Amino acid sequence: MALPLQRRVPSNIDDLRENFTAAWARTDEIFALISPSEWAATPIVWRHPFIFYVGHLPAFSWNQICGAILQWKSFDPYFDDLFCRGIDPDVDTGECHWHPDVPEEWPNMADTLAYRDNVRGALLESLEALDRCGSTDVMARRGRVFQMVLEHEFMHQETLLYMLQQLPLGKLRRPRPLPQYSFQRAPASRSVLIPSGRARLGAKFSEALFGWDNEFEEMFVDVPSFRMDSLPVSNGQFFEFVDSEAYDQERYWRPEDWRWKNLERKKSPTLWTKRDAGWFYRAMFDLLPLEQVAGWPVYVSLAEARAYASWVGKRLPTEAEYHRAAFYGPDGSESEYPWGN
């Protein structure tokens, strides 16, 4: 991950307050999709149950802002610690390293929500308190810690969505109305020549208002010219890889990827299901014939993507190549959508 361009950040406390409340509203909307009986469910072995994330988001925020910088007295030190961190999976061994130890029983929802609401109230108070506290912590400067907490919230919204997509359909609350699906055919992809030139990776810490630790410092990489497909690989294209049985041939996989495939007992992408009537794709709230969504971009792991690329005689781009293709136009100038949005 790297910063191609500086993130746009709010300029005042009112904007920050609006950003926090909007982010929380989106998080709550996602949690509302879970049936009450499923809070302890773990649809993905590498993840905690859903109840953990209800507490984790406020705990992370409290620990970073109110605890570490403002040094306020905690509402619940046990919850601060219990919900502070998630799981570090070891995909080579199939083992999970839990931080902290998983309790025999998670707290009930009422107590967890009360903790969440207390923390959210404190966070809104902290928006003005941070400037007055006189902290020399680097994360207190220019509101960096607020941006980190918001990015963490957005990151876990994505985590929750891919967890939800692996729950049985009957375990989800289906919102109404749902947007209409689009089943149109994908346009033909073409090979685009990306000219050689420099790519900027990362950002200057002194200039960027937020970045994860692996996004600093700024560096420039000389990238030789290369060709890149203009569109993502579709379900239909990836189906050819599976249908040809090449998906189960070790020669297309890196050794570490093949170990992961066997560990997970993968016979197809996670959201695909084979039944007597054929192949189906699991959308968030529906099981759709795979043929119907053949034009949609395929949703696979890095290991599967690398194997597919090997099968078609291509490869995935490097990070520098990706940035060169995504943020530099034919004339070498840097912009947000150099090839069109």
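Everything here concerns the structure above.
Procedures and definitions
Residues numbered from 1 in each chain as written. Predicted model: local features only at pLDDT ≥ 70, side-chain atom pairs only at ≥ 80, totals over all residues. Heavy atoms only, no water. Phe/Tyr/Trp six-rings, centres within 6.5 Å; stacked < 30°, edge-to-face > 60°. Helix = DSSP H or I, 4+ residues; strand = E, 2+ residues; numbered from the N terminus. Buried < 20%, exposed > 50% of the residue type's maximum accessible area, 1.4 Å probe, protein only. Pairing = 2+ DSSP bridges. Axes fitted to C-alpha atoms, helices over the stretch in contact; angles between N-to-C directions. Polar contact = N/O pair within 3.5 Å; in protein donor to acceptor, adjacent residues only side chain to side chain. Contact = heavy atoms within 4.5 Å.

Novice: Help me understand the packing of aromatic side chains, please; the structure alone is not making it clear to me.
Specialist: A complete count under the given rule lists 31 aromatic pairs for this structure. Their ring planes at 40° and their centres at 6.0 Å tell us that Tyr 181 and Trp 296 sit as a pair that is tilted. Here Trp 296 lies in the loop between β9 (287-289) and α8 (302-311) and Tyr 181 lies in the loop between α5 (144-164) and β3 (191-194), a separation of 115 residues in the sequence. Note on Tyr 181: relative accessible area 32%, which makes it partly exposed.

Novice: Just to check I follow, could you spell out the sheet that holds β9 for this structure?
Specialist: Sheet strands pair via backbone hydrogen bonds, and the direction of the pair is either parallel or antiparallel. Judged by pairing direction, the sheet is antiparallel, and its 3 strands sit side by side in the order β7-β8-β9 without closing on themselves. Either end of the sheet is taken by a strand with one partner, and the two such strands are β7 (272-275) and β9. Averaged over all neighbouring strand pairs, the angle between strand axes comes to 35°, with direction disregarded. Note: β7 against strand β8 (residues 278-282), 4 bridges, orientation antiparallel. Note on β8: the bridge partner recorded for Thr 273 is Phe 280.

Novice: Any chance you could explain the side chain of Arg 120 here in plain terms?
Specialist: Mapped onto the secondary structure, Arg 120 falls in helix α4 (residues 109-132). Among the polar contacts made by the side chain of Arg 120, one reaches the side chain of Asp 28 at a distance of 3.0 Å. In this view, Arg 120 contacts Trp 24 and Asp 28; residues no more than four positions away in its chain are not counted.

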